[in-house]
Amino acid sequence: MRGYLHALRDPRYAPLTALMVLVAIVCIAAGTWQILRFEGKVHDNDALRANAHRPTAPVTSVLPLVGRPAPAQDAVRYRTVTATGHYDAGHTAYVRLRTIAGRDGALELTPFVTRAGVLLVVRGLRYSLPDTNGPLTPPPSGRITITARVEPSEPNRDSTTAITQGQLLSINAPAQAAHLHAKVFDGYAELLPGQPGSRGSQLIAVPAPSLSNPAGGAVEPQHFAYIVQWYLFALLALAAPFAMVRSDRNELAANEPAPQQPLSDEQRRAAKLADRYGRIAPR
């Protein structure tokens, strides 16, 4: 081993050694980053699965109003809440470019007015908007109680004009609070199937999320495989200079002449006789 380490200082190998050490450092950093991602994915998945199985609670105990400190997303997402109030069908909006069951459409978003504030409720998905496929079946009127699944507020991607016209790309609670001039819960909720307001003209209920990998993205075993992969790359990079030194030494050894075998007594006597008589000049 010392011989190899000494050989790596040779000018022929020093640049390669330095490069491979740098590559190994980068690979180790990437592997460590994957460890952090793996731990984060496990934490997020565990939190979301726990949320999905927690008992139903009043919306006021899960979502704060806009303007108050917002909880972490993994603390509220997939929680099941109840709310009592009435639908504000006149302010129904449509969140375009959404997909359910492999088909594109628009989420139907209707404010649900409670005494504590307005809950933005996704009643379902329509494959076609009302102005192109007949009239909208309005939600039930009067005071009712609904049960829905919470989602955190999305980043705002809409202009003021789009919000006013009810043609949205995002469900952003602060933007809706400014539009409705009302206190709005900081998040939204997807109405569960069979709840008041979930039935309508071509209205498709939003399915329950898959809990196999609720946080989305790469699954946990995939992150673990990335960790192994990056650390394996680091080992290969560190082994490359040693492999090159060994290869060069093996090549030099193969090109050296084979050592001569010692002569036997008979071979030495024959050689002496040949040498003696070989020197006698011809007559």
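Refer to the structure presented above.
For clarity, every value in this text was computed on a predicted model and none was experimentally measured. (Residues numbered from 1 in each chain as written. Predicted model: local features only at pLDDT ≥ 70, side-chain atom pairs only at ≥ 80, totals over all residues. Heavy atoms only, no water.)

1. Considerations on the overall build of the protein
Here is step 1: Summing up its helical and strand segments, the protein has 7 helices and 9 strands in all.
Here is step 2: In the protein, buried positions account for 36% of the 283 residues.
Here is step 3: Taking the contacts inside the protein whose residues are at least 6 apart along the sequence as the reference set, 72% of them involve residues at least 24 apart.
Here is step 4: As presented, the protein carries roughly 16,900 Å² of accessible surface, and 59% of it is formed by carbon and sulfur atoms. (Helix = DSSP H or I, 4+ residues; strand = E, 2+ residues; numbered from the N terminus. Buried < 20%, exposed > 50% of the residue type's maximum accessible area, 1.4 Å probe, protein only. Contact = heavy atoms within 4.5 Å. Areas by Shrake-Rupley, 256 points an atom, 1.4 Å probe, with all protein chains shown as cover.)

2. Notes on helix H5 (residues 173-180)
Here is step 1: Where H5 is concerned, the buried positions are Ala173, Ala175, Gln176, Ala177 and Leu180.
Here is step 2: Buried-residue contacts for H5 involve strand S4 (103-114), strand S5 (118-126), helix H4 (160-165), strand S7 (167-168) and strand S8 (184-191).
Here is step 3: For H5, the N-terminal capping position is held by Asn172, with its side-chain oxygen 2.8 Å away from the main-chain nitrogen of Ala175.
Here is step 4: Among the residues trailing H5, His181 stands out with phi positive, at a value near 55 degrees. (Polar contact = N/O pair within 3.5 Å; in protein donor to acceptor, adjacent residues only side chain to side chain.)

3. Section: a nonpolar patch on the surface
Here is step 1: On the surface, Leu19, Leu22, Val23 and Val26 cluster together into a nonpolar patch covering about 330 Å² of accessible area.
Here is step 2: Checked against the element boundaries, Leu19 lands in helix H2 (residues 14-53). (Patch = residues over 30% accessible without salt bridge, like charges linked within 9 Å, V, L, I, M, F, W, Y side chains within 5 Å. Salt bridge = Lys/Arg side-chain N within 4 Å of Asp/Glu carboxyl O.)

4. Focus on the pattern of salt bridges
Here is step 1: Under the definition given, this model contains 5 salt bridges.
Here is step 2: For the salt bridge of Arg77 with Glu151, the shortest nitrogen-to-oxygen distance reads 3.0 Å. Note that Arg77 is positioned in the loop between helix H3 (73-76) and strand S2 (80-87) and Glu151 in strand S6 (residues 144-151), a separation of 74 residues in sequence.
Here is step 3: We classify Arg77 as partly exposed; its relative accessible area is 25%.

5. Topic: the side chain of Asp158
Here is step 1: With respect to the secondary-structure elements, Asp158 resides in the loop between S6 and H4.
Here is step 2: No salt bridge is formed by the buried Asp158, whose closest oppositely charged neighbour, Arg96, lies at an N-O distance of 6.1 Å.
Here is step 3: Separated by 2.6 Å, the side chain of Asp158 and the backbone nitrogen of Leu169 make a polar contact.
Here is step 4: A distance of 2.8 Å separates a polar atom in the side chain of Asp158 from a polar atom in the side chain of Ser170. (Lys, Arg positive; Asp, Glu negative; His and termini not counted.)

6. A word on the pairing of S8
Here is step 1: Of all 8 residues in S8, 8 are buried; the element is thus mostly enclosed.
Here is step 2: One ladder, built from 4 bridges, connects S5 with S8; its direction is parallel. Across the sheet, the residue bridging to Val121 is Ala189, located in S8.
Here is step 3: Bridge count for S6 against S8 is 4 bridges, and the pairing is antiparallel. Residue pairing in the sheet places Val150 in a bridge with Ala189 of S8. (Pairing = 2+ DSSP bridges.)

7. Let's talk about the packing of aromatic side chains
Here is step 1: Scanning the entire structure with this criterion turns up 3 aromatic pairs.
Here is step 2: Each ring, one from Phe38 and one from Phe224, has its centre 6.2 Å from the other, and the planes form 55 degrees; the classification is tilted. Here the residue Phe38 occupies a position in helix H2, and Phe224 occupies one in helix H6 (residues 220-255), the gap between them amounting to 186 residues. (Phe/Tyr/Trp six-rings, centres within 6.5 Å; stacked < 30°, edge-to-face > 60°.)

8. So, the environment of Leu107
Here is step 1: Among the structural elements, Leu107 can be located in strand S4.
Here is step 2: Residue Leu107 is classed as buried on the basis of its relative accessible area, which comes to 7%.
Here is step 3: Taking C-alpha positions, Leu107 is 5.5 Å from Tyr94, a pair spaced 13 residues apart along the chain.
Here is step 4: Excluding residues within four positions of it along the chain, Leu107 makes contact with Ala93, Tyr94, Val95, Arg98, Ile100, Val122, Gly124, Leu125, Ile171 and Val206.

9. Side note on the side chain of Gln195
Here is step 1: Considering the arrangement of structural elements, one finds Gln195 in the loop between S8 and strand S9 (203-204).
Here is step 2: Relative accessible area serves as the criterion here: at 18%, Gln195 is assigned to the buried category.
Here is step 3: If we skip the residues at most four places from it in the chain, Gln195 touches Thr145, Ile146 and Thr147.

10. Notes on unusual backbone geometry
Across residues other than glycine, the phi torsion is negative in most instances, and most of the peptide bonds are trans.
Here is step 1: Within the chain, Leu97 stands out as a residue other than glycine whose phi angle is a positive 60 degrees.
Here is step 2: Structurally, Leu97 can be placed in strand S3 (residues 93-100).
Here is step 3: The phi angle at His181 is positive, at roughly 55 degrees, despite the residue not being glycine.
Here is step 4: For His181, the location among the structural elements is in the loop between H5 and S8.

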